[in-house]
Amino acid sequence: MSWIPDPAFGPEHPFGPQTLPYGVFSTGPDGFRSVGVRVGDHVLDLSALPGLPGQELLVGGGLDALLAAGRDTWARLRDALTDLVNADDEPQGAQLHPLASVRMHLPFTVGDYVDFYSSRNHAENVGRIFRPDAEPLLPNWTHLPVGYHGRAGTIVVSGTEIVRPAGQSKPRDADEPVYGPSRRLDVEAEVGFVCGGPVRSRVPVDEVESHVFGVALVNDWSARDIQAWEYQPLGPFLGKSFATSLAAWITPLAALADARVELAKPPHPLASYLDGGQPWGLDLSLQVSWNGTVVTRPPFATMSWSCAQQLAHLTVNGATVRPGDLFASGTVSGPSRDQVGCFLELTWGGREPVTLDGGVSRTFLEDGDEVVITATAPGPSGSVVGFGEVAGRVVPAPAG
Ligand code: CA
């Protein structure tokens, strides 16, 4: 029996000893931040526990130093924490806080942020909606993981309110663009990869584990009307940069060894830097709730490009990956309508509204709407690995 007080704490709990995600929390009005690990429905304060490997990395109120420390330190700390939470007796200095009593913070300083586009179903659906008269998949898509550099400064922790963005758009039937609050505000359910370890360029696909610390869910909020008007020829800009929500809990990559799956074979040979090793995907099952109604269940195992290939690609030209960099998978969409990762696809460009519980009809997000993305993955010995949710509520655009 573990000393953790949650009655169900054990491998059958999605936040049991097989998971142990890291986050940063505060408890009091002073806002003093501590690094913690989630155990069941509690947070274990790591800054208060003596004798952990890498203890000196855990006291700054953020994960930056731990991310920089590298894979060996991550493994030693995780091993020690696994022993500690499985022990019968409460260790000296242990401070547990009920999850409901803490405030979570963005857990690390986000460096560069890259957003990929690695779901073939999503890329084809968006192609059909945005460019109905053209081939849905552009010719580069099967040769490289398409991506763009996003805006790190507006990455916010789960629970942060999302202010409806304003910008230019050009309605289909209008001759001139208009300026105002977005009327087609959308979500993108994605999986984010938090980078750590040494600064490095040209990361081989089989060395991804030295540079990816863990996984966190992402909601890449998107203003479709702004996006559609601005995105050619240089790609997404203001339609994406106003906010990106990141889950408060980062699940170590080491917790996902049993969730690895083979990716679908590419339709032709790949460039050598994308082809080495065994590029594995991850079998995360996502779930998107809109005002409490589950509207879609995107399967991450259907993605075409792996995190290893994405990291290899984003560094192949000599660009470096640094601790605190974040890259996201791109919207996760499975083959069927109830598996798509955004409302643009769910409502087919707003033409086919969905009905939420209570009979409310929706195409895109209204002010006051809340979206919560959760996920699970297979863990060792039939257990389940849970992921911290990423939640956000839309508030009105400022006047003017
Ligand atoms: Ca995205």
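About the cut-offs
Residues numbered from 1 in each chain as written. Predicted model: local features only at pLDDT ≥ 70, side-chain atom pairs only at ≥ 80, totals over all residues. Heavy atoms only, no water. Helix = DSSP H or I, 4+ residues; strand = E, 2+ residues; numbered from the N terminus. Buried < 20%, exposed > 50% of the residue type's maximum accessible area, 1.4 Å probe, protein only. Contact = heavy atoms within 4.5 Å. Donors = N, O, S within 2.8 Å, 3.2 Å for Na, K, Ca; no water. Pairing = 2+ DSSP bridges. Axes fitted to C-alpha atoms, helices over the stretch in contact; angles between N-to-C directions. Phe/Tyr/Trp six-rings, centres within 6.5 Å; stacked < 30°, edge-to-face > 60°. Core = buried A, V, L, I, M, F, W, Y, C linked by side-chain atoms within 4.5 Å. Polar contact = N/O pair within 3.5 Å; in protein donor to acceptor, adjacent residues only side chain to side chain. Salt bridge = Lys/Arg side-chain N within 4 Å of Asp/Glu carboxyl O.

A. Main features of the side chain of Ser-169. In this structure, Ser-169 sits in strand 10 (residues 166-169). Looking at Ser-169, the relative accessible area reads 11%, which means it is buried. Apart from the residues lying within four places of it in its own chain, the contact partners of Ser-169 are Pro-177, Val-178, Asp-225, Ile-226 and Trp-229.

B. Layout of the coordination of the calcium ion. Donor atoms from the polypeptide that coordinate the calcium ion comprise Asp-115 (OD), Glu-188 (OE), Glu-190 (OE) and Asp-220 (OD), at 2.1 to 2.3 Å from the metal. Sequence spacing among the residues donating to the calcium ion works out to D-x72-E-x1-E-x29-D. Residue Glu-190 is classed as buried on the basis of its relative accessible area of 0%.

C. Just the sheet that holds strand 5 (residues 103-105), in detail. The antiparallel open sheet is built from five strands, whose spatial order is 4-3-2-1-5. In this open sheet, the two strands that pair with only one neighbour each are strand 4 (96-98) and strand 5. With strand direction ignored, the average angle separating the axes of adjacent strands in the sheet is 45°. Across four bridges, strand 1 (residues 22-26) lies against strand 2 (residues 34-39) in antiparallel orientation. Residue Tyr-22 lies in a different strand from strand 2, and its bridge partner there is Val-37. Packed on one face of the sheet, helix 2 (residues 71-86) meets strand 1, strand 2 and strand 3 (42-45) and runs near 70° to strand 1.

D. Representation of the packing of aromatic side chains. Inspection of the entire model under this criterion finds seven aromatic pairs. The interplanar angle of 35° and the centroid separation of 6.4 Å between the aromatic rings of Phe-193 and Phe-300 together place this pair among those described as tilted. Here Phe-193 is found in strand 13 (residues 189-195), whereas its partner Phe-300 is found in the loop between strand 22 (293-296) and helix 7 (307-315), with 107 residues between them in sequence. With respect to class, Phe-193 is no different from Phe-300; both count as buried. Note on Phe-193 and Phe-327: the rings are 5.3 Å apart at their centroids and 25° apart in plane angle, and the pair reads as stacked. Taken as a pair, Phe-193 in strand 13 and Phe-327 in strand 24 (residues 326-328) lie far apart in primary sequence, 134 residues in all. In this structure, Phe-193 and Phe-327 share a single accessibility class: buried. One aromatic cluster is present, built from ring pairs that chain together Phe-116, Phe-193, Phe-300 and Phe-327.

E. Inspection of the nonpolar core at higher detail. Leu-44, Leu-46, Leu-217, Leu-282, Leu-284, Leu-286 and Phe-327 are the most contacted members of the largest nonpolar core, which has 91 residues in total. Residues Phe-25, Val-43, Val-102 and Val-157 belong to the second largest nonpolar core, which totals seven residues.

F. Structural view of the side chain of Asp-325. Relative to the elements of secondary structure, Asp-325 occurs in the loop between strand 23 (320-321) and strand 24. Polar contacts involving the side chain of Asp-325 include one to the main-chain amide nitrogen of Arg-322, which spans 2.8 Å. Discounting residues that sit within four places of it in the chain, Asp-325 has contacts with Gly-111, Asp-112, Phe-193, Val-194, Cys-195 and Thr-320.

G. Broad picture of the pattern of salt bridges. Taken as a whole, this structure holds 16 salt bridges when the rule is applied. The shortest N-O distance in the salt bridge between Arg-71 and Glu-209 comes to 3.5 Å. Linking Arg-71 in helix 2 with Glu-209 in the loop between strand 14 (200-201) and strand 15 (212-219), this pair joins segments that are 138 residues apart in sequence. Through salt bridges with shared partners, one network takes in Asp-186, Glu-188, Asp-220, Arg-224 and Lys-240.

H. Quick look at helix 7. Of all nine residues that make up helix 7, nine are buried, and the element is covered over most of its length. Taken together, the buried positions of helix 7 are Cys-307, Ala-308, Gln-309, Gln-310, Leu-311, Ala-312, His-313, Leu-314 and Thr-315.

I. Representation of the pairing of strand 2 within the structure. For strand 2, the buried fraction is high: six of the six residues fall into the buried class. In strand 2, alternate side chains face the same way, and those of Ser-34, Gly-36 and Arg-38 on one face and Val-35, Val-37 and Val-39 on the other are all buried. Across four bridges, strand 2 lies against strand 3 in antiparallel orientation. The residue of strand 3 that forms the bridge with Gly-36 is Asp-45.

J. Region of the structure containing unusual backbone geometry. For the bond running from Gln-232 to Pro-233, omega is 10°, close enough to zero to count as cis. Relative to the helices and strands, Pro-233 is located in the loop between helix 4 (224-230) and helix 5 (238-241). Phi is positive for Leu-20, close to 50°, though the residue is something other than glycine. Assignment of secondary structure puts Leu-20 in the segment before strand 1. One non-glycine residue, Asn-291, adopts positive backbone phi at about 50°. Locating Asn-291 in the fold gives a position in the loop between strand 21 (285-290) and strand 22. Residue class for Asn-291 comes out partly exposed when judged on its relative accessible area of 36%.

What is shown is where atoms sit, not what they do.
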